[in-house]
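Breakdown of the fold
In case you want the letters, here they are:
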Amino acid sequence: MIDPLIASETARRRTFAIISHPDAGKTTLTEKLLLYGGAIGLAGSVTASKRQRDTSSDWMELEKKRGISISSTVLQFDYDGFRLNLLDTPGHKDFSEDTYRVLMAVDAVVMVIDAGKGIETQTRKLFEICRKRGIPIFTFMNKLDRPSRPLLELMDELEKVLSLKAYPINWPLGNGPDFKGVYDRNNKQVHMFERLGKGAFRAPVSVHDLSDPFVKSNLHESVYKQVVEEIEILDATQGEFDLSQVLTGKQTPVFFGSAANNFGVELLLKGFLEYSTGPAPRNSLNGPVAVSNPAFSAFVFKVQTNMNPLHRDKVVFVRICSGKFMRNITVKHARTGEAIKLSDSHNIFGRDREIVNEAYPGDIVGFVTKNDLKIGDTITEDLNIVYGEIPRFAPESFAFLENAVTSSYKAFRKGMDHLLAENIVQAFQLKTPKNSMPLLGAVGPLQYEVLQYRLKDEYGADSYLNPMPWKILRWVESHSEAELMPILPDGAGLALDDQERLVILFPSDWSFKYFKQTQPNVILVDSPSLSIAFPRK
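Residues numbered from 1 in each chain as written. Predicted model: local features only at pLDDT ≥ 70, side-chain atom pairs only at ≥ 80, totals over all residues. Heavy atoms only, no water.

1. A look at the overall build of the chain
What counts, and what does not: Numbering of helices and strands starts at the N terminus; helices are DSSP runs of H or I of at least 4 residues and strands are runs of E of at least 2. Relative accessibility decides the category of a residue: with a 1.4 Å probe and only protein chains considered, values under 20% of the type maximum give buried, values over 50% give exposed, and everything between is partly exposed. Pairs of residues are marked as contacts when any of their non-hydrogen atoms sit within 4.5 Å.
Helix and strand counts for the chain come out as 16 helices and 31 strands. The buried share of the chain, taken over its 537 residues, is 58%. Within the chain, residue pairs in contact and separated by at least 24 positions form 71% of the contacts whose partners lie at least 6 positions apart.

2. Some thoughts on the sheet that holds strand β26 (residues 439-442)
How we decide: Note on pairing: DSSP must find at least two bridges between two strands before they are called paired. A fitted line through C-alpha atoms serves as each axis, taken over the contacting stretch for helices, and the angle formed by two N-to-C directions is quoted from 0 to 180°.
Overall, antiparallel pairing links the eight strands, which are arranged β27-β24-β26-β25-β29-β30-β28-β31 in an open sheet. A single partner strand is all that each edge strand has here, and the edge strands are β27 (463-467) and β31 (524-525). Bridge count between strand β24 (residues 397-403) and β26: three bridges; the pairing is antiparallel. If you follow phenylalanine 398 over to β26, its bridge partner there is glycine 441. Helix α12 (residues 409-420) rests against β24, β25 (426-432), β26 and β27 of the sheet, and its axis sits at about 145° to β24. Against the sheet, helix α15 (residues 509-518) engages β28 (472-476), β30 (502-506) and β31, with an angle of about 125° to β30.

3. A short note on the packing of α12 against helix α13 (residues 446-459)
Just so we agree on the cut-off: For classification, angles of less than 35 degrees are called roughly parallel, those exceeding 145 degrees roughly antiparallel, those between 65 and 115 degrees roughly perpendicular, and all remaining angles oblique. Less than a right angle of anticlockwise turn of the near helix away from the far helix marks a crossing as left-handed, whereas a clockwise turn marks it as right-handed. Residue polarity follows a fixed list, in which Ala, Val, Leu, Ile, Met, Phe, Trp, Tyr, Cys and Pro are nonpolar, Asp, Glu, Lys and Arg are charged, and the others, Gly among them, are polar.
For the pair α12 and α13, the least separation of the axes is 10 Å and the interaxial angle reads 120°. One finds that α12 runs oblique with respect to α13. The element α12 and its partner α13 pack so that their crossing is right-handed. Together, Ala411, Phe412, Lys414, Gly415, Met416, His418 and Leu419 of α12 and Leu451, Arg454, Leu455, Glu458 and Tyr459 of α13 make up the contact between the two elements. Of the residues in the contact of α12 with α13, the class split is seven nonpolar, two polar and three charged.

4. Description of the packing of aromatic side chains
Quick reminder of the rule: Here is the rule: rings of Phe, Tyr and Trp (six-membered ring for Trp) pair when centre to centre is within 6.5 Å. Planes less than 30 degrees apart are stacked, more than 60 are edge-to-face, and the remainder are tilted. Geometrically, a lysine NZ or arginine CZ counts as sitting over a ring once it is within 6 Å of the ring centre and also within 35 degrees of the ring normal.
Under the counting rule described, the total for this entry stands at 14 aromatic pairs. Judged by centre distance (5.5 Å) and plane angle (65°), the rings of phenylalanine 325 and phenylalanine 367 are edge-to-face. One end of the pair, phenylalanine 325, is in strand β16 (residues 325-326); the other, phenylalanine 367, is in strand β22 (residues 364-368), with 42 residues separating them in the sequence. In this pair, the class of phenylalanine 325 matches that of phenylalanine 367, namely buried. Geometrically, the ring pair formed by tryptophan 510 and tyrosine 514 is stacked, given 5.1 Å between the ring centres and 5° between the ring planes. With tryptophan 510 and tyrosine 514 both in helix α15, this residue pair falls four residues apart, about one helical turn. Given the relative accessible area of 63%, tryptophan 510 is considered exposed. Ring pairing ties together the aromatic residues Phe16, Phe138 and Phe272, which thus form one cluster. Looking at arginine 474, its charged tip hangs above the ring of phenylalanine 512, at a distance of 4.8 Å from the centre.

5. A word on the sheet that holds strand β8 (residues 181-184)
Sheet architecture is open: four strands sit in the order β7-β8-β9-β10, paired in antiparallel fashion. The open sheet has two free edges, formed respectively by β7 (170-173) and β10 (205-208), since each of these has just one partner strand. In this sheet, adjacent strand axes meet at a mean angle of 25° when their direction is disregarded. Bridge count between strand β9 (residues 189-193) and β10: four bridges; the pairing is antiparallel. Bridge assignment links valine 190 to a residue of β10, and that residue is histidine 208.

6. Let's talk about the side chain of lysine 143
Locating lysine 143 in the fold gives a position in the loop between β5 (137-142) and α7 (151-161). When sequence neighbours within four positions are dropped, the list of residues in contact with lysine 143 reads Asp23, Ala24, Gly25, Asp114, Gly257 and Ser258.

7. Overview of α7
Given 3.6 residues per turn, any residue in an α-helix points the same way as the ones three and four places further on. Rules: Working note: the arc is built from the helix axis to C-beta atom directions.
Buried within α7 are the following residues: Leu151, Leu154, Met155, Glu157 and Leu158. The buried side chains of α7 occupy one side of the element, clustering within an arc of 155° when seen end-on. The elements touched by buried residues of α7 are β4 (108-114), β5, β6 (165-168), β7, α9 (221-237) and β11 (251-256). Serine 163 lies just past α7 and shows a positive phi near 50°.

8. Re the confidence of the model for the chain
Rules: Each residue carries a pLDDT value, the predictor's own confidence for that position, ranging from 0 to 100.
When the pLDDT values of the chain are averaged, the result is 84; 86% of them are 70 or greater. Note on residues 45-59: pLDDT is under 50 here. Beyond four places in sequence and across chains, it has 43 contacts. Ignoring residues within four places in sequence, the model shows residues 530-537, a span with pLDDT below 50, making 20 contacts including any to other chains.

9. What about the pattern of salt bridges?
This is how the line gets drawn: Salt bridge, as applied in this entry: a Lys or Arg side-chain nitrogen positioned within 4 Å of an Asp or Glu carboxyl oxygen.
Across all of its chains, the model carries 21 salt bridges by this definition. Across the salt bridge formed by glutamate 153 and arginine 149, the nearest N and O atoms sit 2.8 Å from each other. Overall, glutamate 153 belongs to the partly exposed group, its relative accessible area being 39%. For aspartate 497, the salt bridge goes to arginine 501, with nearest N and O atoms at 2.6 Å. For the residue pair aspartate 497 and arginine 501, the accessibility class agrees, reading buried in each case. One continuous salt-bridge network, built from bridges that share partners, spans Glu9, Arg12, Arg13 and Asp363.

Shown next, in the form of structure tokens:
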């Protein structure tokens with residue numbers, strides 16, 4: 001029997017992430033969504049010069065110094081009867097696996113694009129992850145308060161570069177200094193914005209018909225004429241809005257605005273809630289698990305140590321998939337079979353914490369725990385539910401991290417153990433050539449900087465980086481170590497990951513391609529299959 005409370009609470013959940021290329025305005029948009037959701041009273045980026053970008057989502061000291069998002073943060077707020085779980089992802093060009101894992105925990109994404117630059121490299125990279133999962137994508141063309149590229153050209157780029165059907169829900173009235181509002185195509189209304197307080201507060205809005213003299217008087221004649229022509233072109237060429245295509249990630253609703261000035265932010269928020277859906281069933285190794293399943297279940301997608309440096313605590317973040325969470329509930333750790341009592345449960349808002357007594361499918365909850373919970377683990381009341389939601393991604397940069405001061409070796413090892421549990425970087429044990437230290441692998445070199453900074457800041461341990469020459473890593477799904485040793489190409493290495501799965505490290509793209517060509521029977525993958533990544537015990 002379906003619990004009506006669980007059903008109604010689940011239906012009002014929306015769990016999403018914001019993705020973008022660096023500097024497209026992701027952190028600013030995050031702040032403004034919180035502003036419109038009533039979670040903050042003043043947009044944090046407004047006082048950046050006084051507070052070194054001490055925004056609600058960027059809380060680590062290194063993030064404040066660099067002015068970028070490095071770790072993913074979970075922010076929860078209510079709006080118009082909905083409970084929104086917003087996962088703010090890293091915004092640096094060296095994306096870590098943290099970003100990719102977050103995309104496994106959400107039901108939709110908002111893709112932010114700088115209207116002056118169009119689709120950039122990292123946007124494309126993150127989009128591909130979303131495409132593989134069929135995640136619904138909502139597009140926000142940002143920075144219309146600055147000169148933009150031709151708008152129809154931006155729509156064409158979305159369709160050609162990303163192979164994604166674009167449907168503008170609204171259309172901007174001008175750009176740069178001439179940007180005064182947007183035209184709502186569905187309701188055939190113009191929303192005129194007023195610049196106020198440098199974006200610190202909600203932008204005053206007035207609603208008009210496109211032919212209203214007020215609209216014409218506030219736009220240059222050439223701008224007004226161009227807007228009318230572009231809307232006519234869209235109506236003639238764009239086809240129908242298809243919600244089923246949106247929900248399968250094949251069509252994207254497009255919104256325009258300026259997060260810095262709060263223009264169009266509330267329209268994006270309302271449109272997202274109108275066209276998105278609540279949590280869907282998740283796949284377990286035994287088949288789909290309905291959100292209405294009465295058994296509580298969740299999977300771990302993030303581990304963060306030292307969020308409270310005074311207590312050296314470890315916070316494990318889980319995405320709830322079924323049932324109802326109640327504080328002090330006892331669940332089973334699917335990997336070990338161990339019983340775990342979940343008592344120290346929180347909503348995490350930057351550094352702030354709020355005790356959570358109950359939560360529902362779609363919610364993100366953080367637990368302070370000393371249990372051996374790792375990324376990808378399932379906690380559940382029903383051991384038949386084991387999720388395989390968190391794949392591994394092949395690192396692209398490799399190095400050894402060495403202790404710099406003999407007297408701080410103990411602190412260095414303790415810090416490494418704690419921080420590697422967060423999967424800031426991946427750890428591998430080399431089989432050939434032999435080495436007693438773990439080989440570290442990262443998606444981007446910034447992750448080593450983060451690791452070294454936190455070792456020094458949180459554990460007082462200095463370190464130095466010893467980069468390795470390998471460029472490509474692949475998991476082996478077909479051969480043993482003994483079978484591979486005689487056929488390894490020059491300069492290649494063999495190693496085991498933290499689950500003792502065999503990998504080959506190649507020194508170049510040429511070496512990798514040559515090995516594939518000459519050894520076609522060796523099955524290599526850039527992300528291990530679920531049956532390998534999540535073995536049943």
